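Commentary on secondary and tertiary structure
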Amino acid sequence: MEAQSYARDLAITVDAAKTRLAFQGELAQVMGKLREAAGSRLIGATLQEADTPRIALKITEGDIPKAIEDAMEPVSQYVDISVLDQPSFASEQSVIDTHLKDWVIKHPQIMGVYIEETSGTVVFNTTPNTDAASLVRDLQGDGLDGIPVRIYVSEVAIAEDGVNGGVDMQDNTAGGTCTAGFSVRDTSQSTLVTGLLTAQHCWNASGSWSWRSMAGALSSVSYRGGYLGANEDVAWEHASTTATSSFYNSTSTTLTLGDREVRANMPGRYVCHMGAVTDDSCGWVTSASYAPTYSGACGPVTCASTWGYMLGGMHGASSLKCYNGDSGGPFYSTSYNSGIPTAYGLYKGQSTYGVNPADCDWLTFMPIGYYNQHLTIDLRFN
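Just so you know, these numbers come straight off a predicted model, no measurement behind them. (Residues numbered from 1 in each chain as written. Predicted model: local features only at pLDDT ≥ 70, side-chain atom pairs only at ≥ 80, totals over all residues. Heavy atoms only, no water.)

With respect to the overall build of the protein chain
Helices and strands together make up the secondary structure of the protein chain, namely five helices and 23 strands. Taken over C-alpha atoms, the radius of gyration comes to 20 Å for the protein chain, in line with the 21 Å a tight globule of 382 residues would show. Principal axes of the C-alpha set define a box for the protein chain whose edges measure 60 × 50 × 40 Å. Sorting the 382 residues of the protein chain into buried and exposed places 55% on the buried side. In the protein chain, the 22 positive side-chain charges and the 40 negative ones have mean positions that sit 4 Å from each other. (Helix = DSSP H or I, 4+ residues; strand = E, 2+ residues; numbered from the N terminus. Rg over C-alpha atoms; globule rule 2.2 N^0.38 Å. Buried < 20%, exposed > 50% of the residue type's maximum accessible area, 1.4 Å probe, protein only. Lys, Arg positive; Asp, Glu negative; His and termini not counted. Charge placed at Lys NZ, Arg CZ, Asp CG, Glu CD.)

Written out as structure tokens, the structure is:
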């Protein structure tokens, strides 16, 4: 599905889209190794969209380490290295981690922050009617001296939702709706107990929940556990019928999950998500180091800079849709790993006007690597 969407977004043929996406998958694996090889000198590493995709690697001043040369060897002609006189990703991230809680207390209009790896700019998402110039001045005095800063004012404040993967999950008591993510099994049980992932912030402890198949049939589910913390917003529900390893990637078709992707390989990737409200849509991962900061985003703690972030269809680059009710839904790809359906994450929240691509400003998701830090479950694979 993402090949067709990618072809439409870039006005190329589907065959060309498949070829380009497959090559991006190869480059992404190298990119992860390059990030590791750069270590504390890393400024940024992203996949760059082009007729022939490339890796853009930026490091701080000094000789290029041999570890980088070794890591890029298989595809060296597709790697562009820039050696720059600017702070490293780690040093900028340290400033964010140190000051983020105080920034949000002083400036509650901040909804989230990430480092734009293409430029080294620290980008703040803020609520409507923010005085951006004033906010920049305050932030520069709070530890960001000498670091480029950009304020992105969203016209609509972020919203969360409060459901066999990719289908409607309903709170029969309070009337809320979310989306089921991927299927899981309980590893603490001697017999097979399966269920569905969703977002913890959806869960109403006093509610009676069910999930609705694409055919319209309702099945009951029971809450088994969840966690809302620094890098997790995930819960799982035991299904009254055995949950398979498949998930919906459109209103009429399913994929059988076969793998998962690590967070380091996500920036620049073209991935899709399935929402109970918006159905299927796709776009590029802008950052995998986003820190949501709106009230209650990570429960009682400050969010870590580990969340996925994507720009929506209103920016004109993709057909990405987002809306309330999509929370918990699956982010996935079939294009990068030899056609194997691969899990990328679970939907968390968004800033949007409506369900059309032109209405989605941006969204944030939980990378899949954090789904079982506190839960005794495993993803169900084919």
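Here the narrative resumes, following the displayed structure.
Looking at the pattern of salt bridges
Per the counting criterion, the structure on display carries eight salt bridges. As a salt-bridge pair, D80 and R54 come within 2.8 Å of each other at their nearest N and O atoms. Of this pair, D80 sits in strand β3 (residues 79–84) while R54 sits in strand β2 (residues 54–60), placing them 26 residues apart in sequence. Residue classification places D80 among the partly exposed residues on the basis of a relative accessible area of 36%. Accessibility expressed as a relative area gives 26% for R54, which makes it partly exposed. In this structure, the salt-bridge partner of D233 is K348, at a minimum N-O distance of 2.8 Å. Of the two residues, D233 is situated in strand β13 (residues 233–239) and K348 in strand β21 (residues 342–352); the sequence distance between them amounts to 115 residues. Comparing D233 with K348 shows no difference in burial state: the two are buried. One network of salt bridges, in which partners are shared, links R20, E49 and D51. (Salt bridge = Lys/Arg side-chain N within 4 Å of Asp/Glu carboxyl O.)

Quick look at unusual backbone geometry
For A11, which is not glycine, the phi torsion reads 55° and is therefore positive. Here A11 is to be found in the loop between α1 (2–10) and α2 (14–38).

As for the sheet that holds β3
Spatially, three strands are ordered β1-β2-β3 in an open sheet, and the strand pairing comes out mixed. At either margin of the open sheet sits one strand with a lone partner, and together these are β1 (42–48) and β3. For this sheet the average axis-to-axis angle between neighbouring strands, irrespective of direction, equals 15°. When β2 meets β3, the two strands line up parallel, connected through six bridges. Directly across from I59, in β3, lies its bridge partner V83. Across the sheet, α2 touches β1, β2 and β3, and the angle it forms with β1 is around 175°. (Pairing = 2+ DSSP bridges. Axes fitted to C-alpha atoms, helices over the stretch in contact; angles between N-to-C directions. Contact = heavy atoms within 4.5 Å.)

Quick look at the environment of E36
With respect to the helices and strands, E36 occurs in helix α2. Under the relative-accessibility criterion, E36 is labelled exposed at 67%. Residues E36 and A67 lie 31 residues apart in sequence; the distance between their C-alpha atoms is 9.0 Å.

Thoughts on the environment of Y290
Turning to its location among the elements, Y290 is positioned in strand β18 (residues 279–292). Judged by relative accessible area, Y290 falls into the buried class, the value being 0%. Taking C-alpha positions, Y290 is 4.9 Å from S305, a pair spaced 15 residues apart along the chain. Side chain to side chain, Y290 and N125 meet in a polar contact 2.9 Å long. (Polar contact = N/O pair within 3.5 Å; in protein donor to acceptor, adjacent residues only side chain to side chain.)

Overview of the state of the cysteines
By definition, a disulfide links the sulfur atoms of two cysteine residues through a covalent bond. Under the criterion given, the structure shown has four disulfides. For C178, the disulfide goes to C202, at an S-S distance of 1.9 Å. Every disulfide takes its handedness from the sign of the S-S torsion; for C178 and C202 that torsion is -95°, giving left-handed. Of the two residues, C178 sits in strand β8 (residues 177–179) while C202 sits in the loop between β10 (194–198) and β11 (209–212), which places them 24 residues apart along the sequence. Here C298 pairs with C303 through a disulfide, and the sulfurs are 1.9 Å apart. Judged by the sign of its S-S torsion, about 110°, the cystine formed by C298 and C303 is right-handed. Judged by its relative accessible area of 1%, C298 is buried. In the protein chain, the bonded cysteines, taken in the order they occur along the sequence, pair up as 1-2, 3-4, 5-6, 7-8. (Disulfide = S-S within 2.5 Å.)

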